[in-house]
Amino acid sequence: MLSYRLSSPVKLTPVTEHDLAHFSKFLQPSSIISTLSPNPSSQDELAPYNSDWMGRYKGHSTTVLKPKTTQEVSEILKWCNAKRIGVVPQGGNTGLVGGSVPVNDEIVLSLSNLNKVRSFDPVSGILVADAGCILESLTDYVAPHNHIMPIDLGAKGSCQIGGNVATNAGGLRLLRYGSLHGTVLGLEVVLPDGTILDQLTTLRKDNTGYDLKQLFIGAEGTLGVITAVSILTPPAPQASNNVILALPSFDNVLPLYQTVKRHLSEILSAFEFIDRTAYDLAVKHGQGRALSEDDVEGAECFVLVETSGGRREHDEEKLSDLLELLLSADKPLVNTGVLSQSPAQFSSIWALREGVTEAVSKEGKAYKYDISVPLSSFKEVVDNTREHLRSKGLLHDKAVKFVLGYGHVGDGNLHLNVCADAYLPEIQDALEPYIYEVVSKYRGSISAEHGIGAMKTHALPYSKSATSIELMKKIKHIFDPQGIMNPGKVLE
Amino acid sequence: MRPTSARLLNILVPVKSTSDDALEFCRAVDYAVKIRVNPQQTGIDTNVKHSMNPFDEIAVEEAVRLREKLKASVKTIKAVTIGPPKSVDTLRTALAMGADSAIHVEIAESGPSPEPLAVAKTLRAIIEKQNGAATDAKDKIDVVILGKQAIDDDLGVTGQMLAGLLGWSQATFASKVEIDEAKGEATVVREIDGGGEEIKCKLPIVITTDLRLNEPRYASLPNIMKAKKKPIEKLSPADLGIDYTPQLETIKVAEPAKRVGGGKVASVDELVQKLKEAGI
Ligand SMILES: Cc1cc2nc3c(=O)[nH]c(=O)nc-3n(C[C@H](O)[C@H](O)[C@H](O)COP(=O)(O)OP(=O)(O)OC[C@H]3O[C@@H](n4cnc5c(N)ncnc54)[C@H](O)[C@@H]3O)c2cc1C
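Residues numbered from 1 in each chain as written. Chains lettered and ligands numbered in written order. Predicted model: local features only at pLDDT ≥ 70, side-chain atom pairs only at ≥ 80, totals over all residues. Heavy atoms only, no water.

*Asks:* Help me understand the packing of helix α9 (residues 253–264) of chain A against helix α12 (residues 312–328) of chain A, please; the structure alone is not making it clear to me.
*Replies:* The geometry of a pair of packed helices is captured by two quantities: the angle between their axes and the separation between those axes. Residue and element names in this part refer to chain A. Relative to each other, α9 and α12 sit at 145 degrees, their axes nearing to 10 Å. Handedness of the crossing formed by α9 with α12: right-handed. On α12, the residues that touch Leu 256, Thr 259, Val 260, His 263 and Leu 264 of α9 are Lys 318, Leu 319, Leu 322, Leu 325 and Leu 326. For the contact of α9 with α12, the per-class residue count stands at seven nonpolar, two polar and one charged. (Axes fitted to C-alpha atoms, helices over the stretch in contact; angles between N-to-C directions. Helix = DSSP H or I, 4+ residues; strand = E, 2+ residues; numbered from the N terminus. Left-handed = near helix turned anticlockwise from the far one by under 90°. Contact = heavy atoms within 4.5 Å. Nonpolar A, V, L, I, M, F, W, Y, C, P; charged D, E, K, R; others polar.)

Printed below as a string of structure tokens:
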């Protein structure tokens, strides 16, 4: 097989004042932020685009472009391709693997000005929206038509639908509505040479050869810039309930999952796991409250169960039967729990789970490993990692403060977080390749939903065979022979 | 000198089930439809989930906290609601939070919701019924704790009317409540503009709750299960001799004017130009 090397060999050029002069021919002044002449902005204005959500990755871009139309995106890429200027597509910049900020001085192409809904069909539930639409605003847009977005995640207030698609984000509704590979019906993508690939169909069935759009879902901006998304939105459930359960032991999570699935069947919409450390951090940082101190006593972990269905009475009866069964069992799987009694309580219970990410970043510097491993090994992986760090003398106030686990049990996805006082090379060395080897041992995935970004390029072989990686490189070369699209991401 | 015979408190907590889209001060919830005026413009759409009026939740919480503090001196905590059959859910929540028993004055699903004066008269009838039948002073209701207002109609007068009808003390907008059952006195801090006002009143008393009084607990699963077995007495308006025919007529309910979104300008010149265009 012919081998393509991608990162270093292609020499990219920094953007110059000459390039800016070209961009200002078709972009409005407000669409260009640059430290270069003729209208130099301060470094401060560039800073938010050069730094990722965790504050872990820093780029050195001099220029941010914020096009307002697909045509403008096309013009920008055409020029950058000819001049070999690297381009980093940026959505809400909430990605957790350093994919959305430049590794050097590439141009940041922000999609935030492409933010209009193009159409919505309340009968089919098909929504066509610009890539820069914020996820939460789309949720609000379809709500009056009794639909919801098939995807939901903690970053909903900032992340964009284009970013979600580019990262193939999973999130909290995957158990119910499946992945974006199924719900995305079409895409409009600008290829690196400026070609507009219009695959914005609204067909649910379309077996006409290779399904090219699938390549861009999860490509993390390395193959092209997504400018619009056509997505199938499901009808909004008429009733939602949630309950948080306190479990005496992790060993009960799997039997509980089985019981819950059996009794709730079609109305089960989320089954999320939070270990004790994660719970305590969420509470400490004010991410909602629910259980009293008595309730959490003796709990090793917690499970959040959500139901969504068509008829309140029916759902509540099912849920209440299940809870009664759980509490009255001879050897109960749960200690106690709280069932939300109002929407305010419903969101406060969700805040506990969704707020863990934020709580960890408030507590310290986060090393995040978003892995797929067998459900039964969740606790073992967290505990072993903690012990591993202890054995290296790194578990103390000035190094690693907490090792915690939470995640989507229903999807076999564990978020293993290491919360440290500061990012230190010795912590990094202790964690990698240790964790990747553990994952590989379980034949798991080193990135269940956050992607590869800049963080895990070197670790790709732990989850993908040499043959797969070789093919991925070929595909990259077909779309982006000049290597300008999000260089240094996904593939080394 | 402390009176010799210890007094026992019987607390009545009226609760209302309100539609959840009225929860303006709570974080908006994904699935909760935003508040909408009904097409007839006579009220808000009520085809949404109902739960306990947040100020009433605070009232239940305060009653339960009084019991936790005063122990056996709080003899009973009784919740009461006036509403259609499904408002029994709200009573179950109150029972799960710690009330001992409940009364449901049941009205038709489709009927108009009772006005504050009629509610106050209903509560008076319930209190007089219980207190009239009591052979021992220890069985008389002597404290009523209720929300300062319901978040759906925002009328905010039921507590005051009830105190007036009964001739009891009233302490409204409470942010702190202390009861000395032996002396038969309550000390209440009221929320007033720019601060708190501490007042002392004689029992019996009607207290209305403000937001800062406490943070209501979440009902735990075991308590929700126990609540299913607690007694709920069902009464009809006729049993109490009350008529809910409205005395007020709602002429029109309108949504607030839509906020027009702003726009960004790129430069001072553009701003000046825009202002000129707008005639400023
Ligand atoms: C609090 C929090 C909770 C999260 N929870 C989850 C979760 O539950 N599940 C999950 O999967 N992820 C989760 N994430 C991470 C998730 O990947 C992102 O939040 C989201 O999907 C990224 O969207 P964004 O618009 O912010 O993209 P960005 O962060 O801006 O970009 C992410 C990647 O996509 C590329 N990209 C962005 N827009 C485009 C475009 N239009 N065309 C081509 N490429 C593009 C970027 O170059 C980058 O590589 C969470 C993040 C946070 C901060």
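*Asks:* Any chance you could explain the packing of aromatic side chains here in plain terms?
*Replies:* What describes a pair of aromatic rings is the distance from one ring centre to the other and the angle between the planes of the rings. Residue and element names in this part refer to chain A. Applying the stated rule across the entire model yields nine aromatic pairs over all chains. When the centroid spacing of 4.0 Å and the interplanar angle of 20 degrees are considered together, the rings of Tyr 279 and Phe 302 count as stacked. With Tyr 279 in helix α10 (residues 276–284) and Phe 302 in strand β12 (residues 301–309), this residue pair connects regions lying 23 residues apart in the sequence. On the basis of relative accessibility, which here comes to 4%, the residue Tyr 279 falls in the buried class. You can call Phe 302 buried: its relative accessible area is 0%. With a centroid separation of 5.9 Å and 75 degrees between ring planes, the pair formed by Tyr 369 and Tyr 436 is classed as edge-to-face. In this pair, Tyr 369 sits in strand β14 (residues 365–372) while Tyr 436 sits in helix α16 (residues 434–441), placing the two residues 67 residues apart along the sequence. Grouping residues by exposure puts Tyr 369 and Tyr 436 together as buried. Three or more aromatic residues joined by ring pairs form one cluster here, namely Phe 250, Phe 273 and Phe 378. The ring of Tyr 423 carries the charged tip of Arg 56 above its face, separated from the ring centre by 5.2 Å. (Phe/Tyr/Trp six-rings, centres within 6.5 Å; stacked < 30°, edge-to-face > 60°. Buried < 20%, exposed > 50% of the residue type's maximum accessible area, 1.4 Å probe, protein only. Lys NZ or Arg CZ within 6 Å of the ring centre and 35° of its normal.)

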